[in-house]
Each structure stands twice: as C-alpha cells, then as structure tokens.
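Chain by chain, the residues run as shown.
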Amino acid sequence: MEIRGLSRGLTNYGDREFSLYLRRAFAKSMGFSDAMLERPIVGIATAGGGFNNCHRTTPELVTAVSRGVLAAGGLPLEFPTISLGEPFLSPTSLVFRNLMAMDVEEMIRAQPMDSVVLIGGCDKTLPAQLMGAISAGKPAISLVVGPMMTGGFEGTRLGACTDCRAWWARYRAGELDDLRIRELESNLATTAGTCAVMGTASTMACVTEALGMSLPGSATPPAVHAERLRVAEATGARAVALAHEGVTPDRIVTERSVDNALRVLLAIGGSTNGAIHLTAIAGRAGVPLTLEHFNAISSETPVLVNLKPVGEHYMEQFHAAGGVGALLRELTPLLHPETISVAGETLAERLARVPAYVDRAVIRSAGEPIFAREGLVALFGNLAPNGAILKAAAADARLLEHEGRAVVFRDLADMAARIDAPDLDVEPNDVLVLQNAGPIGAGMPEAGYLPIPKKLLARGVRDMLRISDARMSGTAYGAVVLHISPEAAVGGPLAAVRDGDRIRVSLREKRLDVALSDTEIAARLAEFVRPPVPRRGYAKLYAEHILGPERGCDFDFLTVEGQG
Ligand code: FES
C-alpha cells in the first residue's frame, strides 16, 4: 500500500487541491511542521474513559506508542473510539461490540492514516478493534493494555475475577459477613489493566498474539510492568514499518493463522467468549470457523496453561513463566509455522528465538497436560441443533456425563426472583435451565453461570449442571453449557423445555438433549411468538441483523459474505 499520509481520503469539496490545502492548513493549526506532515501517518485508536478501569493506562501507552512512531519516521495521531468497560455496561457489553467495531472500521477508513495501532484490552474492545480493522483493510497492529496484578486478603492471593466469584459464593453460603465481603471488594482489582486470570481479556490477548496481529511477547506483560511500555514503543515503530510494507490484516488473518489462534485458545483453557470472538474476527477475513472444525481442533489440543479459572495461577505468573512464546513452543507440532505476523516474520522464525526457559508449574509440557484434550467443546443435539459450548476443563468432571430433571427459569427476571426461594423444588442432581438469555432474548449477558440455589449451597453443593443460551464470563467455572443455538427467543428447542423434563449432557458423545420427541417439541412451540423488534436506533439494527453465536454474533451485513 502506497504511503499517502495527509492526502489519503480527502474531504470532498469537489476540488482535490483545495481539499488538501485546507487539510494541511488545519493540521498546521495543531503546530505540526511541513516536515512532520510529509511523514506516514499512524493512527492510534484509543478506547479509554472514566467508565473503563481496565484502560486507565491508555494515556501513557499513547505516549510510548507515539515515541516509537516518531523514532521510526512516522507521525502519530491519536483518535478516540467507543470504550466498552465490561462491568459498566447495561444490559451487557456484547451488545455493543459490533457498534464499536463499526466505529473503529469507519474511523480508520474515513481518516487519513497509513496504518493504525489499536489500544484495547477489556473483553469486547480487542475483538471489536480487530473486526473493524480487518474490514477497514489498512495495515493494523494491536496493543493490549495488559493484565492487572493480583491483590491479597487475609493471607490469600486475589485476582479479578475468578476469586470475585469464589468469595461471593462463600458469602452467599454464609461463610463471611457483610463487613468482610466489603473489605475483600477493595482488594479484588487493585491495579490498572484487564482481569488478572485467563478471562476473556487475557484469552483474546493471547489469541491475538497467536493470530499474528500483535507483537511476539506482547500479550502477557502486566499493565503496570515497564515491559508494557517497551512493547508499546516497539508497536509504534512496527506500525510505521507496516505502513511502508503495506501488509494488511487479510494477509495475516488466514485459515492457518486462525487455526494457530484456536490452538492457543484451547491450550490456555481460554474463555468461552473467545469462541464467539475468534469466529467473528475470522469471519471478517472471510475465514469460516465452524463448531465442527472447533471440535476437530479441540480433540487434539491439550490444555497446558495452569491459570484460573481452569488452574491455579494468574497472568503475572504466566508472563514470568515464558508467556505465549513458551506455550507456542510446546504446541509446535500442532501449529502452522509458515504463518506471518505483524512483526514481519514467520511463526517458525519467531519460535527459533524463543528463550529456553519455561516454568513448568504454570506452563505444562504436552506430555503432562492439565487436561489431555477437549477443554472447550461444542455440543449438538435436539436441544442445540446449531450447537452449544461447554468448558469441560472448568467443570466438575462427574457432571460431564449427566442426566437430570430440568428446573426451568423462563428469563433472567424469573431466575433472580426464584433461584433462592426456600420453596424452589430443586435437588443437587437437577439441571438448572435458563431461557431467553440469548443475543435476541436479552443481549446474551454473562448470566449462564446460574448461581447455585442458596438452599443447596447450605448443603455444601458447589457445582450443578446449568444450561442456557446466555454467555459466561471467562473468569467463571462450573458445569455450564452455554450459547445454546438457536436461542429460546427465536423459537429454538430450548424454549420448549419445562420443569421436570429430563436433560442429558454427554461430553463423550458431544450431545445435549432433552428427552422429548421432535413432535412433542414442535407441539410445545406451536404457540411460540417472537419478541417484537425495537422500533428505533441501534437496538433495532441489532435485533434485525445479529447472527447466532456459532457465527460469532456479528451482524449479517458486516461479514465478508454479508458484503455480497
Ligand atoms: Fe475489563 Fe475484566 S473488567 S477485562
């Protein structure tokens, strides 16, 4: 791609020379010299703000990226996009991922930049930025803000947010009082950065590095580690090189690099959300990622990284243990070594430079995995004709081959009203079923981790089979079947389930079924009515165009196929 700097994509006044003259005049009002305005322009897309704790270090990252851009002969120009701070958005951040992707895509395309650095990290921001940048088609490089450091409480190490959930369950079970849970609350998220465990943000940071869209070694340095700033400087410098080389994301995001990324997603015991996001990212590059292919890769990929929620450690330990580079070396026989990255080298060239050190307490060898294979699998059956997802590696193993009686909640409000009711008819072997929490039903919130009813918590029950069309936070754990598709709100079979039906899940057979005939399911759904489409704004666009989780929950008109 030719370097065009300020003259790229001129504002249309009907006179090109006038447009450039006017643009230069206004650019000069920012104090830039003629020499600076001759340089390749590197846009720096930021997604910070008061509603995003994870991105608190964005200003210093911009400074470091800019330093790298200037040193390499480019002109850095920062621009803001929507910010998605996970716990600050209602009903749930996934609803706005595609809005952010559209913002990123259009602003990269509309503004005169030769390449772009994408600074993000909190759950949906990184996928949104990659989706937008791939569709925009200019050279792009991702820079994550980096993970949080851990805190402590009464001699226990704490990291958001697996520990948030574990301690909340103890509070619900009456093991700690209001005062102690408030004290704990102050120690769960103690620094800038993304959640400290292998949640969605960390998963997507590692997946992005494996995909080749960020620099080698860039996924794991903590947000407050000096290495994070050195990575930022190097990212800025590399963005200038990418502008000269004209390497666009479609050259990097290929069928083979998506497979490498999927291997890493599985080997880190990654978030179930990662399956949705990687599918959407790949879809923007025209690479279909089906759940059948997902299972084929999962069947031969071990879980090697011992991080919460699957294991014991936190991102700071993963970084010190060797990070994504050490993991890639373990996975070498399963990877495509010829794939290229934004660093301008092949994976094979990168792996030849990976230092020998690895901490085996955190990154296991392929011969001694945490989970031999299928840490994350897709299930199919008469309850999920288009598929569902189960994070087997984070579940109580005895529930992975299980049949039980359905206890049904028709939506989130019903669940909130009844889950702790003393008269709820529920036993430990039952299956908790949540309906109408899918993309159309409720924006697909992270509500699939249904709380264990208080009356069972008091009896010492800590895991139950739970099924829904919702998502689950990457930091959560349990025998939880998610992303059931088609969802209940569009008349999927999940909508037909009633209290007392027998539900069966089998990891071995990769099945999720209800003991009902097709005729019975059809009879129960005969009266089904879809919820009305909202009448205006983004909610209307969303309801009319959102695809199912097996298609990455992208909008139909934003995928490569959707472009016709
Ligand atoms: Fe931002 Fe967890 S809240 S990554």
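Residues numbered from 1 in each chain as written. Predicted model: local features only at pLDDT ≥ 70, side-chain atom pairs only at ≥ 80, totals over all residues. Heavy atoms only, no water.

S.K.: Tell me about the overall build of the protein, and please be specific about residues and values.
M.R.: Of the regular secondary structure elements, the protein holds 21 helices and 14 strands. Against the compact-globule benchmark of 24 Å for 564 residues, the protein has a radius of gyration of 24 Å, which places it among compact chains. Principal-axis analysis of the C-alpha atoms places the extent of the protein at approximately 75 × 55 × 50 Å. Sorting the 564 residues of the protein into buried and exposed places 59% on the buried side. Restricting the contact set of the protein to residue pairs at least 6 apart, pairs at least 24 apart contribute 76%. In the form shown here, the protein has an accessible surface area of approximately 21300 Å², with 54% of it arising from carbon and sulfur atoms. Separation between the mean location of the 56 positive side-chain charges and that of the 64 negative ones in the protein comes to 2 Å. (Helix = DSSP H or I, 4+ residues; strand = E, 2+ residues; numbered from the N terminus. Rg over C-alpha atoms; globule rule 2.2 N^0.38 Å. Buried < 20%, exposed > 50% of the residue type's maximum accessible area, 1.4 Å probe, protein only. Contact = heavy atoms within 4.5 Å. Areas by Shrake-Rupley, 256 points an atom, 1.4 Å probe, with all protein chains shown as cover. Lys, Arg positive; Asp, Glu negative; His and termini not counted. Charge placed at Lys NZ, Arg CZ, Asp CG, Glu CD.)

S.K.: Summarise unusual backbone geometry; cite the residues concerned and give the values.
M.R.: That bond from Ser90 to Pro91 is cis: its omega, 0°, falls within 30 degrees of zero. The linkage connecting Ser485 with the following residue, Pro486, adopts the cis geometry, with an omega of 0°. A positive phi angle is found at His483, which is not glycine, with a value near 60°. Relative to the helices and strands, His483 resides in strand S12 (residues 480–485). Accessibility expressed as a relative area gives 4% for His483, which makes it buried.

S.K.: Pulling in residues and values, what's your account of the state of the cysteines?
M.R.: Counted according to the given criterion, the structure contains 1 disulfide. Disulfide pairing is shown between Cys161 and Cys164; the S-S distance is 2.1 Å. Classification of the bridge connecting Cys161 and Cys164 rests on its S-S torsion, roughly -100°, and on that basis the disulfide is left-handed. Cysteine Cys553 is unpaired, with the sulfur of Cys122 as its nearest cysteine sulfur at 18 Å. (Disulfide = S-S within 2.5 Å.)

S.K.: How would you summarise the pairing of strand S10 (residues 431–434) if you had to cite specific residues and measurements?
M.R.: Judged by which residues are buried, S10 turns out to be covered on both faces: Val431 and Val433 on one side and Leu432 and Leu434 on the other are all buried. Relative to S10, strand S9 (residues 401–409) runs parallel, the two sharing 4 bridges. The partner of Phe409 across the bridge, within S10, is Leu434. Here S10 runs beside strand S11 (residues 465–468); their pairing, made up of 4 bridges, is parallel. Looking at S11, one finds that Leu434 is bridged to Ser468. (Pairing = 2+ DSSP bridges.)

S.K.: For the pairing of strand S1 (residues 41–46), give the residues involved together with the corresponding values.
M.R.: By the criterion of burial, S1 is predominantly enclosed, with 6 of the 6 residues buried. Two strands pair when backbone bridges link them, and S1 and strand S2 (residues 75–80) are joined in this way by 6 bridges, in the parallel orientation. Bridge pairing links Val42 to Pro76 in S2. Of the crossover connections in this fold, the one passing from S1 over helix H3 (residues 58–71) to the parallel S2 is right-handed. With 4 bridges connecting them, S1 and strand S3 (residues 115–120) associate as parallel partners. Opposite Ile44, over in S3, you have Val117 as the bridge partner. (Right-handed = clockwise from strand over helix to strand, strands pointing away.)

S.K.: Got a sec to walk through the environment of Cys195? Specific residues and values, please.
M.R.: Position of Cys195 among the secondary structure elements: in the loop between helix H7 (178–185) and helix H8 (200–211). In this structure the C-alpha to C-alpha distance between Cys195 and Val358, which are 163 residues apart in sequence, comes to 23 Å.

S.K.: Describe the packing of helix H6 (residues 162–172) against H7, listing the residues and the values that go with them.
M.R.: When two helices pack together, their arrangement is given by the angle between their axes and by how far apart the axes lie. Taken N-terminus to C-terminus, the directions of H6 and H7 make an angle of 170°; their axes are 11 Å apart at the nearest point. Taken as axis vectors, H6 and H7 run roughly antiparallel relative to one another. Every residue of H7 that contacts H6 at Trp167, Trp168 and Tyr171 is listed here: Asp178, Arg180, Ile181 and Leu184. Considering only residue class, the contact of H6 with H7 consists of 5 nonpolar, no polar and 2 charged. (Axes fitted to C-alpha atoms, helices over the stretch in contact; angles between N-to-C directions. Parallel < 35°, antiparallel > 145°, perpendicular 65-115°, else oblique. Nonpolar A, V, L, I, M, F, W, Y, C, P; charged D, E, K, R; others polar.)

S.K.: So what's going on with the layout of surface pockets? Residues and values would help.
M.R.: Think of a ball as big as a water molecule: rolled over the atoms, this probe shows where empty space is left. A volume near 1100 Å³ is recorded for the largest pocket. Lining the largest pocket are 49 residues, and of these Cys161, Cys164, Arg165, Ser473 and Thr475 sit closest to its centre. Elements with a minimum of two residues in the lining of the largest pocket: H6, H7 and H8. Take the lining of the largest pocket: its biggest share by element is 6 residues, from H6. Considered as a void within the structure, the second largest pocket measures approximately 370 Å³ in volume. Surrounding the second largest pocket, 20 residues form its lining, Pro216, Gly217, Gly322, Arg350 and Pro355 being those nearest its centre. Breaking the lining of the second largest pocket down by element, the ones donating at least two residues are helix H9 (226–245), helix H15 (323–331) and helix H16 (347–353). Residues of the lining of the second largest pocket, tallied by class, amount to 9 nonpolar, 7 polar and 4 charged. (1 Å grid on protein atoms, 1.4 Å probe; cavity = no way out; pocket = protein on both sides within 12 Å on 5 of 7 lines; lining within 4 Å. Points joined across faces, edges and corners; volume = space filled by probe spheres on them.)

S.K.: An account of the packing of helix H11 (residues 255–267) against helix H12 (residues 272–284) is needed here, citing residue identities and associated values.
M.R.: Between H11 and H12, the least distance of the axes is 11 Å, while the angle of their chain directions is 170°. Classified by the angle between their axes, H11 and H12 sit roughly antiparallel to one another. The segment H11 lies against H12, with Val258, Ala261, Leu262 and Leu265 engaging Gly274, Ala275, Leu278 and Ala282. Here the contact of H11 with H12 is composed, by residue class, of 7 nonpolar, 1 polar and no charged.

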